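# Structural overview
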Amino acid sequence: MVAGLVAGCYGNQGKRKLKQARELPLPGQCSRLTGGGSHMGQRFLRGLLVLLLPSSPLRTHHCMLSPESVPPQKKPRSNLMAPPRIGTHNGTFHCDEALACALLRLLPEYQDAEIVRTRDPEKLASCDIVVDVGGEYDPQRHRYDHHQRSFTETMSSLSPGKPWQTKLSSAGLIYLHFGHKLLAQLLGTNEEDSMVGTLYDKAGFRRAMDLVQEEFLQRLDFYQHSWLPARALVEEALAQRFQVDPSGKIVELAKGGCPWKEHLYHLESVLSPPGTIAFVIYTDQAGQWRVQCVPKELHSFQSRLPLPEPWRGLRDEALDQVSGIPGGIFVHASGFIGGHRTREGALSMARATLAQHSVAATNP
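Keep in mind the model is a prediction, meaning the values are calculated, not measured.

A few words on the packing of helix α4 (residues 95-105) against helix α7 (residues 170-187). Two numbers describe how α4 lies on α7: the axes approach to 9 Å, and their chain directions differ by 15 degrees. Overall, the two elements α4 and α7 adopt an arrangement that is roughly parallel. The two elements α4 and α7 meet at a crossing, and its hand is left-handed. Together, Asp96, Ala100, Leu103 and Leu104 of α4 and Ser170, Ala171, Ile174, Phe178 and Leu182 of α7 make up the contact between the two elements.

Written as structure tokens, this is what we have:
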């Protein structure tokens with residue numbers, strides 16, 4: 001994915017992995033990137049600094065301010081308060097333009113920028129900066145494409161004295177023109193600081209490319225081998241929910257824990273008969289059982305029905321005495337999850353919580 005962010009080309013192994021990656025129906029092919037791109041850029045840069053800082057004493061370097069520190073171009077706007085716009089291509093996305101956008105969003109002038117994904121020349125013309133599309137490389141107008149046949153620029157050709165002679169990609173162009181400013185921003189110093197020049201040259205962007213490539217491939221592997229197969233497991237568990245408990249509110253993941261929440265919310269909306277799931281039970285890596293409460297919303301910390309308040313924060317015998325269910329292991333202080341040594345015990349914890357809730361609802 002990333003082995004050519006600066007080079008603009010991939011090794012044979014990277015190409016095979018990219019081909020596999022592009023055939024997967026990954027989420028995220030949306031018309032507008034949000035803050036996630038910024039987080040990816042932050043992880044990449046922090047990882048880059050961790051890799052570089054311990055390796056050698058800092059040497060004195062003078063930053064070349066002419067290509068790296070080009071201020072955003074002032075454009076007339078109908079709404080002067082509108083955020084700047086970063087243009088890139090639509091369709092299948094690649095790490096090249098995604099990282100380019102993420103790097104730009106780490107800069108104060110672009111931190112609130114709108115990402116416009118299009119190939120329409122008129123829409124691109126209205127953008128403050130354009131990366132990886134448009135067929136132009138013109139830093140004075142903030143156009144940073146590398147696909148045109150006329151483009152042959154390298155780090156060496158654009159920054160004389162630099163040794164790297166591989167053709168740049170869009171992310172490489174952004175690093176070339178904004179890298180010193182970006183590193184200074186992260187380090188809390190100015191561009192003339194020798195540390196900035198040291199890190200800029202030391203990177204060569206190679207270690208950064210490997211770092212981002214590894215992260216992407218790990219995420220891809222998770223989606224392919226965990227997230228996608230989990231849907232079938234959740235679907236089967238929902239179909240069997242009345243065999244687990246007559247209420248239909250307890251789901252059992254027979255093959256252990258998996259990334260179930262996103263699938264459950266989606267599949268729950270089309271349940272027949274309609275219903276709302278309160279608990280999911282499954283085995284953990286030690287072969288013991290967990291009872292987990294379904295959150296009110298996908299990323300919420302509030303449960304639809306938390307485990308009883310008197311159980312919360314208790315463990316082992318103390319939990320057994322209060323719950324009346326021998327074999328308990330723990331209940332989290334917030335009540336969102338508990339553990340038991342057996343399936344029947346975990347199921348009993350869920351059933352007891354449902355029963356207490358039913359009594360409370362009947363006798364307010």
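Below, the discussion takes up the pattern of salt bridges. Oppositely charged side chains can pair when the atoms bearing their charge come close. Applying the stated criterion across every chain, the model contains 9 salt bridges. Put simply, Arg351 and Asp245 hold a salt bridge, and the shortest N to O gap is 2.7 Å. With Arg351 in helix α13 (residues 343-362) and Asp245 in the loop between α10 (241-244) and β6 (250-253), the pair connects residues that are 106 residues apart, well separated along the chain. Of the residues examined, Asp245 reaches a relative accessible area of 7% and is grouped as buried. Here the salt bridges share partners, and the residues they tie into one network are Glu136, Asp138 and Arg141.

With respect to the secondary-structure elements, Asp284 resides in the loop between β7 (279-283) and β8 (289-293). Judged by relative accessible area, which is 19%, Asp284 ranks as buried. In this structure the side chain of Asp284 is engaged in a polar contact, spanning 3.0 Å, whose partner is the backbone nitrogen of Ala286.

Sheet strands pair via backbone hydrogen bonds, and the direction of the pair is either parallel or antiparallel. Taken in spatial order, the 5 strands of this open sheet run β6-β7-β8-β10-β9, and their pairing is mixed. Pairing within the sheet leaves two strands with one partner each, and these edge strands are β6 and β9 (328-331). In this sheet, neighbouring strand axes are inclined to one another by 20 degrees on average, regardless of whether the strands run parallel or antiparallel.

The alternating pattern of strand β10 (residues 337-340) places Ile337 and Gly339 and Gly338 and His340 on opposite faces, both of which are buried. Two strands pair when backbone bridges link them, and β8 and β10 are joined in this way by 4 bridges, in the antiparallel orientation. Bridge pairing in β10 places Val291 opposite Gly338. When β9 meets β10, the two strands line up antiparallel, connected through 3 bridges. Among the inter-strand pairings, Val331 is bridged to a residue of β10, identified as Gly338. In this structure, the hairpin formed by β9 and β10 is closed by a connection of 5 residues, where Gly335 is found at a positive phi of approximately 80 degrees.

We now examine the packing of aromatic side chains. Tallied over the entire structure, the rule returns 7 aromatic pairs. Ring geometry for Tyr144 against Phe178: centres 6.1 Å apart, planes inclined by 70 degrees, an arrangement best described as edge-to-face. Here Phe178 lies in helix α7 and Tyr144 lies in strand β5 (residues 143-144), a separation of 34 residues in the sequence. Owing to a relative accessible area of 0%, Tyr144 belongs among the buried residues under this scheme. With a centroid separation of 5.7 Å and an interplanar angle of 50 degrees, the aromatic rings of Phe222 and Tyr223 are classed as tilted. These aromatic residues form a ring-pair network of at least three members: Tyr110, Tyr137, Tyr144, Phe151 and Phe178.

This next bit is on the nonpolar core. If you look at the biggest cluster of nonpolar residues, it comprises 32 residues, and the most contacted ones within it are Ile86, Leu104, Tyr110, Ile129, Ile174 and Phe178. Looking at this core element by element, the count peaks at 9 residues for α7. Those residues in contact with Ile86 that sit more than four places away from it in its chain are Cys101, Leu104, Arg105, Tyr110, Ala113, Glu114, Ile115, Val116, Cys127 and Ile129.

A separate point is the environment of His340. Residue placement: His340 occurs in strand β10. Owing to a relative accessible area of 2%, His340 belongs among the buried residues under this scheme. Distance in space between the C-alpha atoms of His340 and Asp316 is 9.0 Å, their sequence separation being 24 residues. Residues in contact with His340, not counting those within four places in the same chain, are Gln288, Trp289, Ile325, Pro326, Gly327, Gly328, Ile329, Gly345, Ala346 and Met349.

The next subject is the confidence of the model for the chain. On average, residues of the chain score 78 in pLDDT, and 73% of them are at 70 or above. Confidence, read as mean pLDDT per element, is least for helix α3 (residues 65-68) in the chain (38) and greatest for strand β3 (residues 129-131) (97). Every residue in residues 1-42 is under pLDDT 50, and counting partners more than four places away or in other chains gives 80 contacts. Of the regions scoring below 50 in pLDDT, residues 44-72 engages in 66 contacts with residues more than four places distant in sequence or in other chains.

Reading the values: the criteria
Residues numbered from 1 in each chain as written. Predicted model: local features only at pLDDT ≥ 70, side-chain atom pairs only at ≥ 80, totals over all residues. Heavy atoms only, no water. Axes fitted to C-alpha atoms, helices over the stretch in contact; angles between N-to-C directions. Helix = DSSP H or I, 4+ residues; strand = E, 2+ residues; numbered from the N terminus. Parallel < 35°, antiparallel > 145°, perpendicular 65-115°, else oblique. Left-handed = near helix turned anticlockwise from the far one by under 90°. Contact = heavy atoms within 4.5 Å. Salt bridge = Lys/Arg side-chain N within 4 Å of Asp/Glu carboxyl O. Buried < 20%, exposed > 50% of the residue type's maximum accessible area, 1.4 Å probe, protein only. Polar contact = N/O pair within 3.5 Å; in protein donor to acceptor, adjacent residues only side chain to side chain. Pairing = 2+ DSSP bridges. Phe/Tyr/Trp six-rings, centres within 6.5 Å; stacked < 30°, edge-to-face > 60°. Core = buried A, V, L, I, M, F, W, Y, C linked by side-chain atoms within 4.5 Å. pLDDT = per-residue confidence, 0-100.

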